[in-house]
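Spelled out from the first residue to the last, the chains are:
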Amino acid sequence: MSGVSAQAGAEAARAGAVAVLRTRGRAVALALLPAALAVVLLAGGPTGVLAGAGWDAARAVVSTVAVVVLVVAAAVALAVARARPAVSPTVPVTERSAPDLHRLVRDLADRLEVPAPSAIALTPDCDSWLEDRSHPALGAGAGRSGRGQAPPAPVLVIGSPFLWWMRVAELRAVLAPVVAGTGPSAQPDIIAARRFVRGLDAAAALGTEPDRGPLARLVLGGTGRVAQALLRACREEAAEMERAVAATSSERAKTVDYGLRIAAQEQVGLAYAGWDRLLNRVALPAWRIGRWPSRLDAGVVAALTELSRRDRLADGFTTRLGERPACDLLEEPGTVDESASLLAARLFHGEPAGREPEWLPVDWEGYADEVVDRTWRTEASRLHRVLDELGVPASGRPDRGEPGGATLARVLEHLAVPAGEPTAEPGGQLPELTEEELAAASDDELALRTGVDIGDGPEAARTAGPRMAGDPQPGGEVRRRLAERAEKLAGALAAELAREEAASPAAAPAAVGQGADETLWAGGHLPLCPLQPPRTGRELLAEHVVAMVCCSAMDTAGALPGLDWLDGPALLVRGERVADLAARVTGLVEKGDGGPLRAWLRQTGVRPEKPVRLV
């Protein structure tokens with residue numbers, strides 16, 4: 001519909017709405033058809049036109065069918081009319097808390113010659129849309145019109161990251177096509193069609209709610225199947241109507257800041273990338289321990305600024321930061337940021353996990369100590385607890401005065417191929433062990449070096465000639481056993497984490513957020529939008545080994561926990577972020593290759609044989 005006039009687009013949208021309503025009319029006619037036939041048959045009996053035993057039987061059968069169909073139709077109609085439609089949880093922004101923002105939206109509606117939105121709300125997402133909240137099932141907080149009055153305009157929902165990253169002019173340009181949608185939304189046929197579709201969608205989900213009894217679930221399941229059939233019947237018409245509404249709104253919005261909107265769309269994509277990275281890399285580790293960063297929207301600005309520093313393609317974006325940010329349109333942006341941040345935690349993660357039954361806020365200044373350090377030490381403690389359960393011996397040797405306990409050396413000895421793994425090219429000769437190294441070598445290392453059966457001891461190793469790198473490697477058995485160790489440890493970690501989550505006290509039903517729309521909350525099934533699928537055992541093992549390495553580096557080499565805006569928790573060694581630690585640990589966990597990690601430990605000055613402080 002590119003290039004069509006706004007009037008033509010409005011007519012197309014209305015035609016789509018009429019097609020949706022026509023589907024509703026056909027469904028009503030189909031439900032009334034048996035009743036109409038029963039009326040004809042019943043009227044023909046007293047008049048003598050339709051007399052006889054056959055007609056009497058037909059009247060009984062058709063009347064019974066008509067009653068059943070009418071009951072089913074009434075149940076479906078009641079479910080469609082009273083079912084609570086899906087509404088996005090948001091943070092309301094009253095005119096008192098943001099007079100400048102409301103004034104900007106009203107001026108925009110006046111320039112577009114459309115009704116102004118009835119309210120403004122924020123969502124922790126990089127998107128903006130209009131949402132109808134006039135349905136009676138939404139409760140006292142929903143807007144509704146009086147008898148004989150026009151229905152209220154929809155609510156304007158704005159992505160909270162836009163307010164912090166965009167400038168005022170950019171926000172106005174981005175919101176123009178969204179606000180322009182209030183014009184078609186006031187058309188009666190479109191209102192009726194949208195309400196019918198949303199009612200069907202809500203009725204189709206009634207039978208899937210787990211807190212209902214078997215009988216109610218059976219009845220509502222039948223109602224839901226009828227609603228799903230009606231949805232399929234009008235799906236194409238509803239989609240065509242919405243496309244026409246969007247095209248009409250876009251065409252109408254070309255009269256307002258059209259040139260600036262093209263540039264502002266680049267900022268939309270950039271904000272989405274920064275927000276996604278911030279949630280997955282920075283916020284998620286805090287949510288997992290029951291902390292919620294209380295300034296997520298301010299954090300996206302820091303993340304995108306860091307991106308512009310690292311990426312030369314983004315250099316030009318920071319020049320905009322001298323202009324007035326859109327968050328200045330709020331009277332108290334910090335309070336609004338807190339509300340949106342807590343709502344994001346509940347939407348994307350659910351109720352707090354861990355030992356605290358309630359969410360606890362954390363600011364960016366305390367993130368490294370309260371989130372990063374605590375997470376690493378908790379995971380290191382869990383790793384050694386699982387090693388204890390598996391009977392893995394401590395790494396220290398008391399006869400030499402070496403300490404045991406929670407050491408990184410214990411983890412390395414359990415997961416890594418022993419030192420002396422072949423590194424020469426095929427055909428080359430492996431370096432021989434010295435007498436001292438041979439006396440201290442483990443059975444696994446002897447097998448890798450010489451090919452002598454494990455358990456034959458140093459004497460057999462002395463009499464065996466050096467093995468060539470191209471020869472068959474008897475260490476394959478060692479690698480297989482190490483892979484089994486890693487798999488067993490990964491499974492035990494996953495089971496231990498599941499037990500901890502199951503043993504955590506159930507979180508009491510809490511408010512959605514500070515100032516969030518509690519009357520619009522969707523029943524408490526959290527999280528509504530989980531960020532990531534459950535972690536595998538190997539992923540958990542890699543994370544726990546990284547945590548153990550970081551704890552050892554902090555306790556023995558003076559490293560510090562830190563925050564990287566794009567990558568989340570970071571280890572700082574002499575003020576520099578360690579960027580390749582995860583790759584070294586992955587090689588250890590997946591292949592048993594501890595060489596790169598050991599080399600980094602020696603270079604950094606980390607002493608893996610020293611115990612670390614745990615939680």
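Note: the structure precedes this text.
Residues numbered from 1 in each chain as written. Predicted model: local features only at pLDDT ≥ 70, side-chain atom pairs only at ≥ 80, totals over all residues. Heavy atoms only, no water.

Student: Would you mind going over the packing of helix H19 (residues 581–591) against helix H20 (residues 595–604) with me for this structure?
Tutor: Relative orientation and spacing of two packed helices are given, respectively, by the angle between their axes and the distance between those axes. In contact at an axis separation of 7 Å, H19 and H20 are set at 135 degrees when each is read in the N-to-C sense. Between H19 and H20, the angle is such that the two are oblique. Of the residues in H20, those touching H19 at Leu581, Arg584 and Leu588 are Pro596, Leu597 and Trp600. By residue class, the composition of the contact of H19 with H20 is five nonpolar, no polar and one charged. (Axes fitted to C-alpha atoms, helices over the stretch in contact; angles between N-to-C directions. Helix = DSSP H or I, 4+ residues; strand = E, 2+ residues; numbered from the N terminus. Parallel < 35°, antiparallel > 145°, perpendicular 65-115°, else oblique. Contact = heavy atoms within 4.5 Å. Nonpolar A, V, L, I, M, F, W, Y, C, P; charged D, E, K, R; others polar.)

Student: How should I be thinking about helix H2 (residues 53–82) in this particular structure?
Tutor: Note that an α-helix has 3.6 residues per turn; residues three or four places apart therefore point the same way. For H2, with 30 residues, the first-to-last C-alpha span of 43 Å sits near the 44 Å given by 1.5 Å per residue. If you check which residues of H2 are buried, you get Arg59, Val62, Ser63, Ala66, Val76, Ala79 and Val80. (Expected span 1.5 Å × (residues − 1). Buried < 20%, exposed > 50% of the residue type's maximum accessible area, 1.4 Å probe, protein only.)

Student: Looking at this structure, how should I read helix H18 (residues 537–557)?
Tutor: Relative to the 30 Å expected for 21 residues at 1.5 Å per residue, H18 spans 29 Å between its end C-alpha atoms, a close match to the ideal helical length. Of the residues trailing H18, Gly558 is marked for its positive phi of about 75 degrees.

Student: Whenever I open this one, unusual backbone geometry confuses me. Can you help?
Tutor: Outside of glycine, negative phi angles account for most residues, and trans bonds account for most peptide bonds. With phi around 60 degrees, Glu113 is a residue other than glycine that occupies positive phi space. With respect to the element layout, Glu113 can be found in the loop between helix H3 (99–112) and strand E2 (119–123). With a phi close to 50 degrees, Asp257 is a non-glycine residue in the positive phi region. With respect to the secondary-structure elements, Asp257 resides in the loop between helix H8 (214–253) and helix H9 (258–287).

Student: Before we go on, may I ask you to explain the side chain of Asp189 in this structure?
Tutor: Structurally, Asp189 is set in helix H7 (residues 188–204). Reaching out from Asp189, the side chain makes a polar contact with the side chain of Arg14 at a distance of 3.1 Å. Dropping the residues within four chain positions of it, Asp189 is found in contact with Arg14, Ala17, Val18 and Leu21. (Polar contact = N/O pair within 3.5 Å; in protein donor to acceptor, adjacent residues only side chain to side chain.)

Student: Would you mind showing me how to read the environment of Val256 here?
Tutor: Note that Val256 resides in the loop between H8 and H9. Sequence-wise, Val256 and Leu108 are 148 residues apart; in three dimensions their C-alpha atoms are separated by 8.1 Å. Setting aside its immediate chain neighbours within four residues, Val256 contacts Leu108, Arg111, Leu112, Ala176 and Arg261.

Student: Quick question: what am I supposed to make of a negative patch on the surface here?
Tutor: The grouping of Asp363, Glu365, Asp369 and Glu370 at the surface amounts to a negative patch. Locating Glu365 in the fold gives a position in the loop between strand E6 (360–362) and helix H12 (367–389). Note on Glu365: relative accessible area 69%, which makes it exposed. (Patch = residues over 30% accessible without salt bridge, like charges linked within 9 Å, V, L, I, M, F, W, Y side chains within 5 Å. Areas by Shrake-Rupley, 256 points an atom, 1.4 Å probe, with all protein chains shown as cover. Salt bridge = Lys/Arg side-chain N within 4 Å of Asp/Glu carboxyl O. Lys, Arg positive; Asp, Glu negative; His and termini not counted. Charge placed at Lys NZ, Arg CZ, Asp CG, Glu CD.)

Student: I tried to follow the sheet that holds strand E3 (residues 128–131) on my own but got confused; where do I start?
Tutor: Picture the strands of a sheet paired through backbone hydrogen bonds; they go either parallel or antiparallel. Here four strands make up an open sheet; going across it, the order is E1-E2-E4-E3 and the pairing mixed. Across the chains shown, the open sheet's two edge strands, defined by having one partner strand only, are strand E1 (91–93) and E3. Strand-to-strand twist across the sheet, computed as the mean angle between neighbouring axes with direction ignored, equals 30 degrees. Bridge count for E3 against strand E4 (residues 155–159) is four bridges, and the pairing is antiparallel. If you follow Leu130 over to E4, its bridge partner there is Leu156. (Pairing = 2+ DSSP bridges.)

Student: Looking at this structure, how should I read the pattern of salt bridges?
Tutor: Pairing is possible between side chains of opposite charge, provided their charged atoms come close. One pass over the full model with this rule turns up 29 salt bridges. Glu487 is the salt-bridge partner of Arg538, the closest N and O atoms lying 3.1 Å from each other. Here Arg538, found in helix H18, pairs with Glu487, found in helix H17 (residues 476–503); they are 51 residues apart in sequence, far enough to count as distant. Overall, Arg538 belongs to the buried group, its relative accessible area being 19%. Between Arg577 and Asp564 there is a salt bridge whose closest N-O contact spans 3.1 Å. Taken together, the positions of Arg577 in strand E9 (residues 576–577) and Asp564 in strand E7 (residues 560–564) put the pair 13 residues apart, joining distant regions of the chain.

Student: Can you help me understand the packing of helix H13 (residues 408–415) against H18 in this one?
Tutor: Relative to each other, H13 and H18 sit at 145 degrees, their axes nearing to 9 Å. As H13 runs across H18, the sense of the crossing is left-handed. Contacts from Leu408, Val411 and Leu415 of H13 reach H18 at Leu541, Val545, Met548, Val549 and Ser552. Per-class residue counts for the contact of H13 with H18 are seven nonpolar, one polar and no charged. (Left-handed = near helix turned anticlockwise from the far one by under 90°.)

Student: Honestly, the sheet that holds E7 in this entry has me stumped. Any pointers?
Tutor: Across the sheet, which stays open at both edges, the three strands sit in the order E7-E8-E9 with antiparallel pairing between neighbours. Only two strands of the sheet have a single neighbouring strand rather than two, namely E7 and E9. Of the strand pairs in this sheet, strand E8 (residues 568–573) and E9 are connected by two bridges, and their pairing is antiparallel. By the bridge assignment, Val573 is partnered in E9 with Glu576.

Function cannot be inferred from these measures alone, as they are strictly geometric.
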